[in-house]
Amino acid sequence: MWDVEIRGMASAHAIIASSIFMATVMPAVFVENFSVYGTHMVWLYCVAGSVVVVNIAVFWLLGISPPTKKNTLSYKLNRLFKSCLYFLLSCLFFHTVVVLYGAPLLESALETFSLAVLLSTLTTLRCLCILGPNVQAWIRVFSRDGAMSVWDTSLQITTGCSVIGAWLGAFPIPLDWDRPWQVWPISCTLGAITGFLTGLLAAPVWIHWHRKQLTYKLK
């Protein structure tokens, strides 16, 4: 059972990682002079959109998403509305945190909010896909020993890696190197995506390595 779960996770993570690569390569065919630095906002939203679509599709196909208690249209629309609301609130939360950590309040506001959207895509979206719009389940997963499945553990690892990556990416910005990737918020977005990819790789490896110590029941 462990091997099946871990292989399924590794396959899902590989597909998600591939979508980021494709979102980096494919726009060059349609956008003139496309580059990660020169057209950074285009690249950022290509990556974010790709991660959104692939995450939703992969978790739905694998049946990881929590089952709904009702099948009525009104109930499904209510869950969809709550999910969209939580995602928007997450964007505002990350935007506020980034500003409190020193990002420009008014200048480059679009760039700052775009970073918040990317962080929400790499973190909150996975919470919605795996746990649904259930704040209590989110709190449980991110509390000590709160994981109840390998996917919960994966969520902990990828979320932590994404946030830490964005934080580490801010360190080179004030340095007087005059590099194109030091323009706000390029290094932070690169750090967040690098952290996310690291988390996708590390999660199945860590779970496989510590499978004897993990005692939760598999879903």
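Residues numbered from 1 in each chain as written. Predicted model: local features only at pLDDT ≥ 70, side-chain atom pairs only at ≥ 80, totals over all residues. Heavy atoms only, no water.

Residues Phe 21, Met 22, Val 25, Met 26, Val 29 and Phe 30 make up a contiguous nonpolar surface patch of about 640 Å² in total accessible area. Of all elements in the fold, only α1 (2–25) and α2 (27–30) reach the threshold of two or more residues within the nonpolar patch. At three residues, the largest contribution of residues to the nonpolar patch is made by α1. Inspection of the secondary structure assignment puts Met 26 in the loop between α1 and α2. (Patch = residues over 30% accessible without salt bridge, like charges linked within 9 Å, V, L, I, M, F, W, Y side chains within 5 Å. Areas by Shrake-Rupley, 256 points an atom, 1.4 Å probe, with all protein chains shown as cover. Salt bridge = Lys/Arg side-chain N within 4 Å of Asp/Glu carboxyl O. Helix = DSSP H or I, 4+ residues; strand = E, 2+ residues; numbered from the N terminus.)

Moving on, we get to the UniProt feature "transmembrane region" (unreviewed entry) in the protein. Here the UniProt-annotated "transmembrane region" (unreviewed entry) positions come out as residues 12–30, 42–63, 84–106, 112–132, 153–171 and 183–209. Segment residues 42–63 splits into 95% helix and 0% strand. End C-alpha atoms: 32 Å apart. Secondary structure across residues 153–171 comprises 89% helix and 0% strand; the distance between its end C-alpha atoms is 28 Å. (UniProt positions renumbered as here; feature names shortened; annotations may be inferred.)

Inspection of every chain in the model, using the stated rule, returns one salt bridge. With a shortest N-O distance of 3.3 Å, Arg 140 and Asp 152 are connected by a salt bridge. Here Arg 140 is found in helix α7 (residues 135–141), whereas its partner Asp 152 is found in helix α8 (residues 150–169), with twelve residues between them in sequence. For Arg 140, a relative accessible area of 23% puts it in the partly exposed group. (Buried < 20%, exposed > 50% of the residue type's maximum accessible area, 1.4 Å probe, protein only.)

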